[in-house]
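One letter stands for each residue in the lines below.
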Amino acid sequence: MKSAEIRQAFLQFFNSKEHSIVPSSSLIPGNDPTLLFTNAGMVQFKDVFIGEDKRSYTRATSSQRCVRAGGKHNDLENVGYTARHHTFFEMLGNFSFGDYFKESAIKYAWEFLTSKEWMAIPAEKLWVTVYSEDDEAFDIWATQIGVPKDRIIRIGDNKGGRYNSDNFWAMGDTGPCGPCTEIFYDHGESIWGGPPGSPEEDGDRYIEIWNIVFMQFNRTPDGAMNPLPAPSVDTGMGLERVAAVMQDVHSNYEIDLFQNLLNATAEATNSTDLENKSLRVIADHLRSCAFLVVDGVLPSNEGRGYVLRRIMRRAIRHGHKLGQTNAFFHKLVSALVKEMGEAYPELAQAQAQVEKVFLLEEEQFAKTLEKGMAVLESALAQLSGKELSGDVAFTLYDTYGFPLDLTADIIRERDLTIDEARYDELMTQQREMSRAAGQFKVDYSNVVQLDGATEFLGYSELENSGVVT
Ligand code: ATP
Ligand code: MG
Ligand code: MG
Ligand code: MG
């Protein structure tokens, strides 16, 4: 089954259960300046959950474009290292606004995944987790669905694993939240990893495919958990992850959609090794960068625009690593439009604009990338310990336009770290001296018109999480 067919089947399935099909909203949350990007399907329904907005329906389904590259859900560092994380992905979801609750939510999910008419995934490959205290969900799985009890795992709040697995889902530091139950697929013995809750859970053998959240609370800035007007349901399943299952491949990067993007990336960078990690990073970043531009974000030195710039420069640097010194990133937009333009007409419409923005950023970064790499290489050649000095990282940022995480991405490949405390000190000094950042200045005003400039107020939260550097 192709990705596009799975997307279609999902919407159709829930439509047949009286869910209204709602189009994906923008990556820029409509009226939520605390949230960096739309990171889940529920974001456009946030006000419906908390009772401040009413819709003509109480059941909805969508395929939502999501970006997780900053804020509470940040997967940027996972891209290229896991089989399952992207910065941009599509989240298939079904939602109940005070309509059905735990029992139906679990039954629908199970029917879609296992019934012969739909995905027909063998039940014995599926594992589930429930929130540690949620006996009701445990019972539904065990007695009504018939999942063997040794494949139902209780998970608490935050166990502090590498990927912070927990069974209490929250959109951000504030907003709707609640206990959840998740469905995992076992990709088989040949892959390293253990079931959720085990010491080996960070491996990629058992991959989470679907999260079903029982929305019950609204967390306010003072930390209070106020009950929602009515218990609700919010679910999210990664289209790319379920496509990997349906196409019988392990990694998301092996699905139809990504294979085509990887081939285009290999061609544009003259690469022959299709397994090269850099190709995956570029193909991933292509999607987040393109859709962010489609939704009105432009590379800049602040807020959302700076996140876009960081992702784009990472992609460009990986192209450089593959030996590509000419601008290549903008050439990939047409391949993306071919893959996703039908499902997202707004992408097809914006193709020329996206290409222009990409090319401009590539030209801008090309002026300093080569020299910056030389500075870094020479510092690394002289390095005695395992830590790059904050001074070098700062020079790379300040003079050569290397965002800190880009430098970190390079030196992580060599098992090194950065003295971030020193870097932060230099950044603070510089901020005090001047807020202007000359080397990042690009004038986009002739290229694109920014409609409804995107306001973003969550800087302090971002700084705390190390996103804005
Ligand atoms: P993981 O533990 O694998 O990082 P998650 O628990 O953070 O996933 P949720 O917030 O529960 O993910 O999101 C719901 C679903 O969206 C997941 O079950 C998964 O299928 C998908 N998903 C989440 N993050 C990503 C990502 N970075 N790339 C692709 N799909 C994702
Ligand atoms: Mg995650
Ligand atoms: Mg998880
Ligand atoms: Mg989850």
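Our structure's up above, just so we're on the same page.
Just so it is clear, the structure is predicted and the values come from calculations on it, not from any experiment.

(A) Region of the structure containing the pattern of salt bridges. Scanning the model with the defined rule gives 27 salt bridges in all. Across the salt bridge formed by R314 and D405, the nearest N and O atoms sit 2.5 Å from each other. Here D405 lies in helix α13 (residues 404-412) and R314 lies in helix α8 (residues 303-321), a separation of 91 residues in the sequence. Take R314: its relative accessible area is 3%, and that puts it in the buried class. A salt bridge links E377 to R414, with the nearest nitrogen and oxygen atoms 2.9 Å apart. Of this pair, E377 sits in helix α11 (residues 351-382) while R414 sits in the loop between α13 and β11 (417-418); the two residues are 37 residues apart in sequence, bridging distant segments of the chain. A relative accessible area of 33% places E377 in the partly exposed class. On the accessibility criterion, R414 (37% relative accessible area) is partly exposed. Put simply, E77, R310, R314, R317, K321, D405, D409, R412 and E413 are held in one network by salt bridges that share partners.

(B) Spotlight on α8. Compared with an ideal rise of 1.5 Å per residue, which puts 19 residues at 27 Å, α8 spans 27 Å between its outermost C-alpha atoms and is within 8% of the ideal. Looking one or two residues past α8, G323 carries a phi angle of roughly 95 degrees, positive in sign.

(C) Looking closely at the packing of α11 against α13. At a minimum axis separation of 12 Å, α11 and α13 run at an interaxial angle of 45 degrees. Compared by their axis directions, α11 and α13 come out oblique. As for the relative orientation of α11 and α13, their crossing is right-handed in sense. Along the contact surface, α11 presents F365, M373, L376 and L380, while α13 presents L406, T407, I410 and I411. Taken together, the residues that form the contact of α11 with α13 break down as 7 nonpolar, 1 polar and no charged.

(D) Focus on unusual backbone geometry. Here A120, not a glycine, exhibits a phi torsion of approximately 55 degrees, which is positive. Here A120 is to be found in the loop between α3 (102-114) and β4 (126-131). One non-glycine residue with positive phi stands out, namely D248, at about 55 degrees. Inspection of the secondary structure puts D248 in the loop between α5 (239-246) and α6 (256-268).

(E) Geometry of the coordination of the magnesium ion (ligand 4). Here the magnesium ion (ligand 4) is held by E182 (OE) and E208 (OE), and the distances to it run 1.9 to 2.2 Å. The magnesium ion (ligand 3) is placed at 3.2 Å from the magnesium ion (ligand 4), the two being bridged by E208. In this pair, E182 sits in strand β7 (residues 175-186) while E208 sits in strand β8 (residues 206-219), placing the two residues 26 residues apart along the sequence. The class of E208 is partly exposed, set by a relative accessible area of 25%.

(F) A look at the site of ligand 1. With respect to spatial proximity, 18 residues lie near ligand 1, and among them D75, R84, H85, E208 and N211 are the closest. Burial of ligand 1 by the protein chains amounts to 93% of its free accessible area of 590 Å². The set of elements that each furnish at least two residues to the shell around ligand 1 consists of β3 (88-96), β8 and β9 (225-238). The greatest single-element share of the shell around ligand 1, amounting to 4 residues, is contributed by β8.

(G) Structural detail: the state of the cysteines. Under the counting rule described, the total for this entry stands at 0 disulfides. Left without a disulfide partner, C177 is nearest to the cysteine sulfur of C180, which lies 11 Å away. The thiol of C289 is unpaired, and the distance to the nearest cysteine sulfur, on C66, comes to 16 Å. In this structure C289 comes out as buried when scored by relative accessible area, which is 0%.

About the criteria used
Residues numbered from 1 in each chain as written. Chains lettered and ligands numbered in written order. Predicted model: local features only at pLDDT ≥ 70, side-chain atom pairs only at ≥ 80, totals over all residues. Heavy atoms only, no water. Salt bridge = Lys/Arg side-chain N within 4 Å of Asp/Glu carboxyl O. Helix = DSSP H or I, 4+ residues; strand = E, 2+ residues; numbered from the N terminus. Buried < 20%, exposed > 50% of the residue type's maximum accessible area, 1.4 Å probe, protein only. Expected span 1.5 Å × (residues − 1). Axes fitted to C-alpha atoms, helices over the stretch in contact; angles between N-to-C directions. Parallel < 35°, antiparallel > 145°, perpendicular 65-115°, else oblique. Left-handed = near helix turned anticlockwise from the far one by under 90°. Contact = heavy atoms within 4.5 Å. Nonpolar A, V, L, I, M, F, W, Y, C, P; charged D, E, K, R; others polar. Donors = N, O, S within 2.8 Å, 3.2 Å for Na, K, Ca; no water. Near = heavy atom within 4 Å. Areas by Shrake-Rupley, 256 points an atom, 1.4 Å probe, with all protein chains shown as cover. Disulfide = S-S within 2.5 Å.

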